[in-house]
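Okay, here's what each chain looks like letter by letter:
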Amino acid sequence: MNRSIAEKEYEVNYYEIDYKERLLITSLVNYFGDIATKHSENVGGGLSYSRKNGVAWVLYKWNIDIKHYPEYGQKIRVRTNACSFRKFYGYRTFEVFDKEDNMIAKANSIWLLIDTNKRKILRITEDMYKIFGLTEKDNKPLLIKNVKLPKKFTIEKSFNVRYSDIDTNKHVNNVKYIDWILETIPLNIILEYNIKHINITYEKEALYGEKIKIFTELKKQDEGYISLHKIIDNNGKELSVIEAIWDANEK
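Cut-off values and rules
- Residues numbered from 1 in each chain as written.
- Predicted model: local features only at pLDDT ≥ 70, side-chain atom pairs only at ≥ 80, totals over all residues.
- Heavy atoms only, no water.
- Core = buried A, V, L, I, M, F, W, Y, C linked by side-chain atoms within 4.5 Å.
- Buried < 20%, exposed > 50% of the residue type's maximum accessible area, 1.4 Å probe, protein only.
- Helix = DSSP H or I, 4+ residues; strand = E, 2+ residues; numbered from the N terminus.
- Contact = heavy atoms within 4.5 Å.
- Lys, Arg positive; Asp, Glu negative; His and termini not counted.
- Salt bridge = Lys/Arg side-chain N within 4 Å of Asp/Glu carboxyl O.
- Expected span 1.5 Å × (residues − 1).
- Phe/Tyr/Trp six-rings, centres within 6.5 Å; stacked < 30°, edge-to-face > 60°.
- Lys NZ or Arg CZ within 6 Å of the ring centre and 35° of its normal.

Undergrad: Describe the nonpolar core, naming the residues involved and giving the relevant values.
TA: Ranked by internal contacts, the top residues of the largest apolar core, which has 62 residues, are Phe 32, Trp 62, Met 128, Phe 132, Tyr 177, Ile 198 and Ile 231. The dominant element in this core, judged by the number of residues it contributes, is helix H1 (residues 25–42), at 7 residues. Among residues more than four places away in sequence, those in contact with Trp 62 are Val 29, Phe 32, Phe 94, Ala 107, Asn 108, Ser 109, Ile 144, Asn 174, Ile 198, Asn 199, Ile 200 and Tyr 202.

Below, the structure written as C-alpha cells:
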C-alpha cells in the first residue's frame, strides 16, 4: 500500500452546483480539502494527531486546472498524492476523473506545517515522513509561479470575516478566498464564463472579526478574461494574491 496516495469517490450534490447545474469551483476545492484531510486521517496524521501534537498543515499555494466541470448527480473520483517534503514545505497533487476515467481537473499545492500554539512555521518533522511513507530522498518541489499583480485596480470590495468562514485551525478556510473574489466579478462574466485555471498564494492568515478588502482587475484575453486580485487586512497587510483565467462556458 502506498501511504502517500489516497482516493475517494464523490457524487455532485444539488447544493454544490451553479445555475448551469455544474460543480462550483469552490465545491471542487472543498473536495480537495476533504480528500487531503481524509488521507491524513487514514495514515494516522489527522485532526486528533494535530490537536495532540499542536501542529497543523496550512495551505501556502494552489495551482488548479479545470478541463471540464462535472454536472449534478455525476460521480467523480478524486485522487491525492503527498508526493514530497522539502525543508518547510509539503507538496501534494490532486487529480479528478470522471466515470470514463478521463482526467477532468488537476492541481498542485504547497503546504506549510505550523506550530498551532506559537503560530510559527515548522521544519517538516520526522514523524510526518513516517506517517506519509516518505523519505528525505522524496524532496522534489512542485513549482508554482508567483502571481504578478497590476499597478492599479478598478474594482474594490470589503467584507467582514464571519464565523462561518473559520476552519479547524481558527483562521479563514482557504476556499473562502475564492468565494470573496467571485463577489467582485461582474455578474455577466460569472454567467457566461468558467474559471479554467486559478493560481493562489496565501501570504497571511485572516481571523474572525477582521475586515478585509479585495482589489480586482479584469483583462480581456482572446475568448475570455484574466482576473487579478489582491486581498488585504485592516492594516493593509497582504493576505492573498490570486490569478484566475476565465473561458467561455462549455456548450
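Undergrad: Now, about the side chain of Glu 210: what can you tell me, with residues and values included?
TA: Residue position: Glu 210 is located in the loop between strand S8 (193–202) and strand S9 (211–221). There is no salt bridge for the buried Glu 210, and the closest opposite charge comes from Lys 204, which lies 4.6 Å off by N-O distance. The contact partners of Glu 210, leaving out residues within four places of it in the chain, are Phe 159, Asn 160, Val 161, Glu 205 and Asn 234.

Undergrad: I'd like a rundown of H1, residues and numbers included.
TA: Side chains three or four residues apart in an α-helix point the same way, a direct result of the helix having 3.6 residues per turn. Look at H1: 26 Å from first C-alpha to last across 18 residues, which is about the 26 Å you get at 1.5 Å a residue. Those residues of H1 that fall on the buried side of the exposure criterion are Ile 25, Thr 26, Ser 27, Leu 28, Val 29, Tyr 31, Phe 32, Ile 35, Ala 36, His 39 and Ser 40.

Undergrad: Just give me the short version of the packing of aromatic side chains, but keep the residues and values in it.
TA: Scanning all chains against the criterion turns up 16 aromatic pairs. Plain terms: the ring middles of Tyr 14 and Tyr 72 are 6.1 Å apart, the flat faces sit at 85° to each other, and that makes the pair edge-to-face. A residue pair is termed long-range when its members are at least 10 positions apart, and Tyr 14 in the loop between strand S1 (5–11) and H1 and Tyr 72 in the loop between strand S2 (55–66) and strand S3 (75–86) qualify at 58 residues. Note on Tyr 193 and Tyr 225: the rings are 5.3 Å apart at their centroids and 90° apart in plane angle, and the pair reads as edge-to-face. With a gap of 32 residues between them, Tyr 193 in strand S8 and Tyr 225 in strand S10 (residues 224–232) connect regions that are remote in the sequence. Like Tyr 225, Tyr 193 is buried. Here the aromatic cluster, defined as three or more aromatic residues joined through ring pairs, consists of Phe 32, Trp 62, Phe 94 and Trp 111. A cation over a ring is seen here: Arg 123 above Phe 88, with NZ or CZ 5.1 Å from the ring centre. Of note, Lys 220 hangs over the ring of Tyr 225, and the distance from its end group to the ring centre comes to 5.0 Å.

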